[in-house]
Structures are given as structure tokens and as C-alpha cells.
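Observations on chain architecture
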Amino acid sequence: MNRTSELYPKILEAVRAIQSRTPLRPQVGIILGSGLGAMAREATEALHIPYSEIPHFHGMTVEGYSGELSIGKIGDVAVVFLKGRFHRYEGYPMDEVVFPTRVICALGIHTMVLTNAAGGVNTRYRPGDLMLIEDHINLMYDNPLMGPNIAELGPRFPDLTEAYSRRCLESLEQTARDLEIQTTRGVYAGVLGPTYETPAEVRMLRTLGADAVGMSTIPEAIAANHLGVRVVGISSITNLAAGLSGRKLTHQEVVENAKLGAGKLQRLLQNAVPRLADIHAGSTAGAQS
Ligand code: HPA
């Protein structure tokens, strides 16, 4: 069996199943990280589809709750949300980790917003801070594009000079200023997990130029870039990375602190999405003239 040659028809099958249930054709995709799931319920005209009802999606995440894809509107903009992501550390191969990402890109979005909970490697960061991702360092020792290239998705050797759109990043910063929400810019290091880092690894990450560390986002950012979709990323800082606080890290602390940044992040995105759609409209108008 050749998994790669079967992948593209599976993506199209999932796309058709979703499109048959709603007339909305989303422009923006948002992947909701830990503690940020409530946002999908704020969309208007929304349809919520459990992953178990979408062909080739996994029904359950390892934590035991069902993932959900939602399509609705923020203002006038049709948006698709993914709540519940699959991580490499759960044992899924990379093409399964990014399958939902590829499906929502294939729904026709032009911009993808990736959110996550992350540990602060930069010693100035505090739980509840929002870091806009300006670049990443892939330390997962894996890549969703490994294996034969699927030409229908994108090129063999995609450029990642601007893996996170600078224009969209600046637009998010402007929106944050308008709302008086403080943000910083930083570099996200993606590690495999599921262990948190050792203090020596955190010092290494700082030396490498990382500001935050987490176990997600990079596979999705790569898959979306491959498909030619603009990417923005936002980390909600949940904890100081190992060794920086003098205390041990627990998953419970991470989950509870995710709530600290969730309200701000939701308000930021609600206001940023219409502007992200305007950026795209502006860029295509320019291309046509
Ligand atoms: N390390 C890795 N992933 C994380 C962390 C961390 O400290 N916090 C939230 N996700």
C-alpha cells in the first residue's frame, strides 16, 4: 500500500464531506491550542462537526475527548476552527498529525492562525503573556513533508524564509495595540515531547535563539506553507520553562495557566480576523491590476 498516493484523495473526500454540510466557504483557519477551545463557540451561523463524522479524521484525541471542526463567521468573515490537535508525541505519524491542517487548507482558506500553549524560555516572559511567533526552530527531528512529495499539495523543497507572514504579524500587532493588549514577538522552538525539557535543554534553547518552547504548531506551519497558505502563530505562555522558576513543572499548571491568556487571545483574534481577510483582499487586488 502506498500511503502517499492515497493521501490526496482522502483529503478531497474529507473536504467534500465538510462542504456538503455548510454553504460557508472559510477564508481563515484557526487551530485552537490547549485551553483556547471556547473561541469556536463565539462564531455566528456556526456548524460544529465532531471529528468522528469526518472521513479519515481520528475521532478521539488521546486525552479522551472528541475533537471538533467548526465553521462559522467572525464579523463577515467565514472561519474554520479546529479544536483538538494531534501531536507527534502521541505516536501519530506526521501525515496524520497534519491531516486536519491539510483538509482546512484544501477548504480554500488563505490564512491560517496557529495557537498554542508554550513555556517561556525568554526570562522576561510570564504566564499569561502572548507571544506572536516570528519564526520557529524545528527540533522535532521529523517533518510532515518527509517521504515522496505530493505535487498536488506543493513543491518538494518549500521556502520557509517567511514561514510566518510578516504582514499578518504586523497587522496582529496593530490590532493588539488598538485593543491595548500587550504582545511580544519571539521565536518558537518545537520539541517532540512528551517530557518537558531539562534545565540544560532550556539553556540550550535560549542559546539557540528560542523565546518559547512547545510540542505542536511546527508540523502545521510547515504543512500550511507547503500548500501556499499564509501562517500566523500565537503562543500563550503558560509557564516559565524548566529550571527558570525554581519549581517543578506539571501539566495541570500548564492547563490552568492557559486560561490566563485565553481571554486576551480570543479578543485579539476576534478583531484581527477581519483585518487578515482585508490583507488578502488587498494582495489579490494588487496581483490582478
Ligand atoms: N515545554 C514544552 N511544551 C510546553 C511547555 C513547556 O514548558 N509549556 C506548555 N507547553
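Above this note sits the structure.
The structure reproduced in this document is the subject of the present report. All figures in this text were calculated on a predicted structure; none of them were measured in a lab. (Residues numbered from 1 in each chain as written. Predicted model: local features only at pLDDT ≥ 70, side-chain atom pairs only at ≥ 80, totals over all residues. Heavy atoms only, no water.)

1. Here we look at the site of the ligand
In the neighbourhood of the ligand, the contacting residues comprise Ala117, Ala118, Gly119, Tyr196, Glu197, Val213, Gly214, Met215, Thr238, Asn239, Leu249 and Val254. Here Gly119 contributes a backbone N or O atom positioned 3.2 Å from a nitrogen atom of the ligand. The contact in question runs from a nitrogen atom of the ligand to an N or O atom on the side chain of Asn239, over 2.7 Å. Within the complex, 96% of the 260 Å² of free accessible area of the ligand lies under protein. Here the ligand is seated within the largest pocket. Residue assignment for the shell around the ligand shows that the elements contributing at least two residues are β5 (111–120), β8 (212–214) and β9 (230–240). Of all the elements, β5 adds the most residues to the shell around the ligand, at three residues. Of the residues that constitute the shell around the ligand, the class distribution is seven nonpolar, four polar and one charged. (Near = heavy atom within 4 Å. Polar contact = N/O pair within 3.5 Å; in protein donor to acceptor, adjacent residues only side chain to side chain. Areas by Shrake-Rupley, 256 points an atom, 1.4 Å probe, with all protein chains shown as cover. 1 Å grid on protein atoms, 1.4 Å probe; cavity = no way out; pocket = protein on both sides within 12 Å on 5 of 7 lines; lining within 4 Å. Sits in = over half its atoms within 2 Å of the grid points. Helix = DSSP H or I, 4+ residues; strand = E, 2+ residues; numbered from the N terminus. Nonpolar A, V, L, I, M, F, W, Y, C, P; charged D, E, K, R; others polar.)

2. So, the pairing of β9
Of all 11 residues making up β9, 10 are buried, and the element is well covered by its neighbours. Pairing analysis gives 10 bridges linking β5 to β9, with the strands arranged parallel. Residue pairing in the sheet places Ala118 in a bridge with Ile237 of β9. Bridge analysis of strand β6 (residues 130–139) against β9 gives three bridges, and the strand direction is antiparallel. What sits directly across from Leu130, in β9, is Ser236. (Buried < 20%, exposed > 50% of the residue type's maximum accessible area, 1.4 Å probe, protein only. Pairing = 2+ DSSP bridges.)

3. A short note on the pattern of salt bridges
Per the counting criterion, the structure on display carries 10 salt bridges. Of the charged contacts, one joins Glu53 and Arg21 as a salt bridge, the two residues approaching to 2.9 Å between their closest N and O atoms. One end of the pair, Glu53, is in the loop between β2 (44–50) and β3 (68–74); the other, Arg21, is in the loop between α1 (3–19) and β1 (28–32), and 32 residues separate them in sequence. Glu134 is the partner of Arg185 in a salt bridge, and the nearest nitrogen-oxygen pair spans 3.8 Å. With Arg185 in strand β7 (residues 183–191) and Glu134 in strand β6, this residue pair connects regions lying 51 residues apart in the sequence. Residues joined in a network through salt bridges with shared partners are Glu134, Glu173 and Arg185. (Salt bridge = Lys/Arg side-chain N within 4 Å of Asp/Glu carboxyl O.)

4. Re empty space enclosed by the protein
A full pass over the atoms with the stated rule returns one cavity of 30 Å³ or more. Within this model, the largest cavity holds a volume of roughly 50 Å³. Of the residues in the lining of the largest cavity, the class split is six nonpolar, two polar and two charged. (Points joined across faces, edges and corners; volume = space filled by probe spheres on them.)

5. Let's talk about the packing of aromatic side chains
Across all of its chains, the model carries four aromatic pairs by this definition. A centroid spacing of 5.2 Å and a plane angle of 75 degrees characterise the contact between Phe86 and Tyr92, whose relative ring orientation is edge-to-face. Here Phe86 falls in the buried class, since its relative accessible area comes to 2%. With relative accessibility at 14%, the residue Tyr92 sits in the buried group. Put simply, the rings of Tyr51, Phe57, Phe86, Tyr92 and Phe99 pair up and form one aromatic cluster. (Phe/Tyr/Trp six-rings, centres within 6.5 Å; stacked < 30°, edge-to-face > 60°.)

6. A few points about the nonpolar core
Grouped together as the largest cluster of nonpolar side chains are 49 residues, with contacts concentrated most on Ile18, Phe57, Leu69, Val103, Ile104 and Met112. Not counting the four nearest positions on each side in its chain, Val103 is found in contact with Ile11, Ala14, Val15, Ile18 and Phe57. Formed by 30 residues, the second largest nonpolar core is a distinct cluster that contains Val232, Ala262, Ala272 and Leu276. (Core = buried A, V, L, I, M, F, W, Y, C linked by side-chain atoms within 4.5 Å. Contact = heavy atoms within 4.5 Å.)

7. What about the side chain of Ser70?
Inspection of the secondary structure assignment puts Ser70 in strand β3. Overall, the relative accessible area of 1% leaves Ser70 in the buried class. Looking at Ser70, its side chain comes within polar contact range of the side chain of His48, at 2.7 Å. When near neighbours in sequence (up to four residues on either side) are disregarded, Ser70 contacts Ala40, Leu47, His48, Val79, Val80 and Phe81.

Just distances and angles here, no functional claims.
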